[in-house]
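Here is how the chains run, residue by residue.
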Amino acid sequence: MCYAIPGKVIQIADNIISVDYFGETRRAKNEFLEISVGDYIYAQGGFVVQKIPASEALLSLETWQELFFKLKEIDQELAKQNKGLYQRANFLRQKHLGNACCIHGIIEFSNHCRNDCLYCGIRKSNSKISRYRMDVDEILEACRFAVKELNFKALVLQSGEDLWYTKEKLASIVSRIMKEFPALVILSIGERDLETYKELYQKGARAILMRFETGNPALYERYRPGKILSERLDLIRSLHDIGYLIFTGFLIGLPQQTEQDILNDIKLAGALNSEMFSFGPFIPHPDTPLRDVPKPSLDLALSAIARARIKFPQSRILVTTALETLDNENGARLGLLSGGNSLMINVTPLEYKRCYEIYPDRVGLNEDITRKIESTIKLLQSIGRAPTDLGLYIRGQ
Ligand code: 5AD
């Protein structure tokens, strides 16, 4: 099993194509490739990312065929119940998006950060962590490995807010990925000027992961010294206007955050046209001012996922590693059964991964990547999920 099932192009209308996955049709936008009806492609996040030879696609589809229908059945069975918050969310997820689940690879390429967020382990005042920066070639090698050897079709490139990576450096990374090992490129690099983001879009990046952290302005300004919520929100809106898919959300369990704040934050994520919701529990880091704050309960984190699913039934919802850290055994599984339908696997080279300590005890720090992929696939199969693309998300349709 890999993290994407190839689809067959059955219709083309301008740059929107219809793709068939074992009788299910999803749409995808094609901006980069020459494609005709009958071709086989991989899509991610509603974008066509690769065209593949028919012989290769048919081989892959043959291995998938039987399993795909078995997985669908398992998922339908698990989603039959419609009582209580979590089951209702799972029911709606299944009803609107079937058993599709996307898996993104994340590469954490620098833990330098110019910000001093009170909750974050890589804040600039933390002198205890050892800082690293991957150079352009190292980043590209990590991306090549993730796409070519591990088969990822979507890559999140994440760092602290680190201006060492100039517009030119970032542009060369994105354009080389798109030319040499194309994937859906999702940037998570913090607040940069719009000119930089426009250039990166032009080079082929198509999504931004940027949480607003909390939509309560007083809390925002307390936990992100020197920052103003409205500026963050304006930036997210401008990135959407450029054309980027927006992956956004907030931290769950910040001190003084109320249940009403969480409900408002879910609404705000929707109002920001979030293509993918990303909510993670806050995990206190010992070398930050919030070290003594208790972790939120698993229920609080799961209920945010479930509420978001119920409010926005068609949404894509990421199950974050922080949720797995809250509960190593069951976090991911429960997140996926409470409305979640997307996962990230950390493909940062091992020597750097342990230094990207935004919060402590991140799961899987020493785990070999192929083992992690295997266990994730096992988990997905056990709950009947398949890596078909979730398709193009057009609001209101
Ligand atoms: N616990 C959980 N998530 C955190 N982040 C930063 N610090 C923590 C923490 N202590 C999250 C922020 C940021 C993302 C990259 O990591 O929400 O947007």
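Everything discussed here concerns the structure shown above.
So, a few notes on the structure that sits alongside this text. All of these numbers come straight from a predicted model, not from anything done at the bench. All residue numbers refer to position in the chain's written sequence, counted from 1. Thresholds applied to this predicted model are a pLDDT of at least 70 for local features of residues and 80 or more for the giving and counting of side-chain atom pairs; totals over whole chains, interfaces and linings are not thresholded and use all residues. Side-chain calculation: all heavy atoms of the structure are included, whereas hydrogens and water are not.

Lining the immediate surroundings of the ligand are Y119, C120, Q158, R211, E213, L251, P281, F282, I283, I358 and Y359. Between a nitrogen atom of the ligand and a main-chain N or O atom of Y119, the distance comes to 2.8 Å. Interatomic distance of 2.8 Å between a side-chain N/O atom of R211 and an oxygen atom of the ligand. For the ligand, the accessible surface in isolation is 400 Å², of which the surrounding protein chains cover 88%. Think of a 1 Å grid over the protein atoms and nothing else: a 1.4 Å probe that fits but is trapped marks a cavity, an open set flanked by protein within 12 Å on at least five of seven lines marks a pocket, and residues with an atom within 4 Å of a point count as lining. Assignment to a cavity or pocket requires that more than half of a molecule's atoms be within 2 Å of the site's grid points. Most atoms of the ligand, that is more than half of them, are within 2 Å of grid points of the largest cavity. It suffices for a single heavy atom of a residue to lie within 4 Å of a molecule or strand for the residue to be listed as near it. For this analysis, a polar contact is any N or O atom pair within 3.5 Å, provided that within protein one partner can donate a hydrogen and the other can accept it, and provided that sequence-adjacent residues contribute only side-chain to side-chain pairs. Exposure was quantified through the Shrake-Rupley algorithm and a 1.4 Å probe, taking into account, for residues, occlusion by the shown protein chains and nothing else.

So, on to the pairing of strand β3 (residues 24-29). Note on classification: 1.4 Å probe, protein chains only; a residue is buried when its accessible area is under 20% of the maximum for its type, exposed when over 50%, partly exposed between these limits. Helix and strand assignments come from DSSP, with helices taken as H or I runs of at least 4 residues and strands as E runs of at least 2, each series counted from the N terminus. Side chains E24, R26 and A28 project from β3 onto a buried face, and the interleaved T25, R27 and K29 project onto a face without burial. Pairing between strands is defined by DSSP: at least two bridges between them are needed. Bridge count between strand β2 (residues 16-21) and β3: 6 bridges; the pairing is antiparallel. Its bridge partner being in β3, I16 is matched across the sheet by K29. Taken together, β2 and the strand that follows it, β3, pair antiparallel across an intervening segment of 2 residues, in which F22 is found at a positive phi of about 45 degrees.

Here the aromatic set is Phe, Tyr and Trp, taking the six-membered ring for Trp, and pairing holds for ring centres within 6.5 Å; pairs whose planes are under 30 degrees apart are stacked, those over 60 apart are edge-to-face, and all others are tilted. Here the structure, examined in full by the defined rule, presents 12 aromatic pairs. Note on F68 and F69: the rings are 5.4 Å apart at their centroids and 85 degrees apart in plane angle, and the pair reads as edge-to-face. Here the aromatic rings of Y201 and Y244 are separated by 5.2 Å at their centres, their planes lie at 85 degrees, and the arrangement is edge-to-face. Here Y244 lies in the loop between α7 (229-242) and β10 (245-248) and Y201 lies in helix α5 (residues 194-203), a separation of 43 residues in the sequence.

The next point concerns the nonpolar core. For the purposes of this section, nonpolar cores are sets of buried Ala, Val, Leu, Ile, Met, Phe, Trp, Tyr and Cys residues that join through side-chain atoms within 4.5 Å. The biggest cluster of nonpolar side chains holds 97 residues, and the ones touching the most others in it are L157, L187 and Y244. In this description, contact between two residues means that some pair of their heavy atoms is separated by no more than 4.5 Å. Discounting chain neighbours no more than four positions away, the residues touching L157 are I107, F109, I139, C143, I173, I177, V185, I186, L187, S188 and I189. By size, the runner-up hydrophobic cluster in this structure holds 39 residues, among which are Y40, L97, A154 and L184.

The method is simple in principle: a probe with the dimensions of a water molecule rolls over the atoms, and the space it marks as empty is what remains. Grid points are joined across faces, edges and corners, and a volume is the space filled by probe spheres set on the points. Under the criterion given, the structure shown has 4 cavities of 30 Å³ or more. Of the pockets and cavities examined, the largest cavity occupies roughly 830 Å³. Around the largest cavity, the lining is made up of 40 residues, and of these Q158, R211, E213, Y356 and I358 lie nearest the centre. Residue assignment for the lining of the largest cavity shows that the elements contributing at least two residues are β6 (102-110), β7 (154-159), β12 (274-281), β13 (316-319), α10 (321-326) and β14 (342-346). Per element, the largest residue contribution to the lining of the largest cavity is 3 residues, and it comes from β12. Residues are sorted three ways: Asp, Glu, Lys and Arg are charged, Ala, Val, Leu, Ile, Met, Phe, Trp, Tyr, Cys and Pro are nonpolar, and all the rest, Gly among them, are polar. Residues that form the lining of the largest cavity fall into these classes: 20 nonpolar, 11 polar and 9 charged. In this structure, the second largest cavity occupies an estimated 150 Å³ of space. Put simply, the parts of the chain that give the lining of the second largest cavity at least two residues each are α10, β14 and α13 (369-382). Considered class by class, the residues forming the lining of the second largest cavity number 5 nonpolar, 3 polar and 6 charged.

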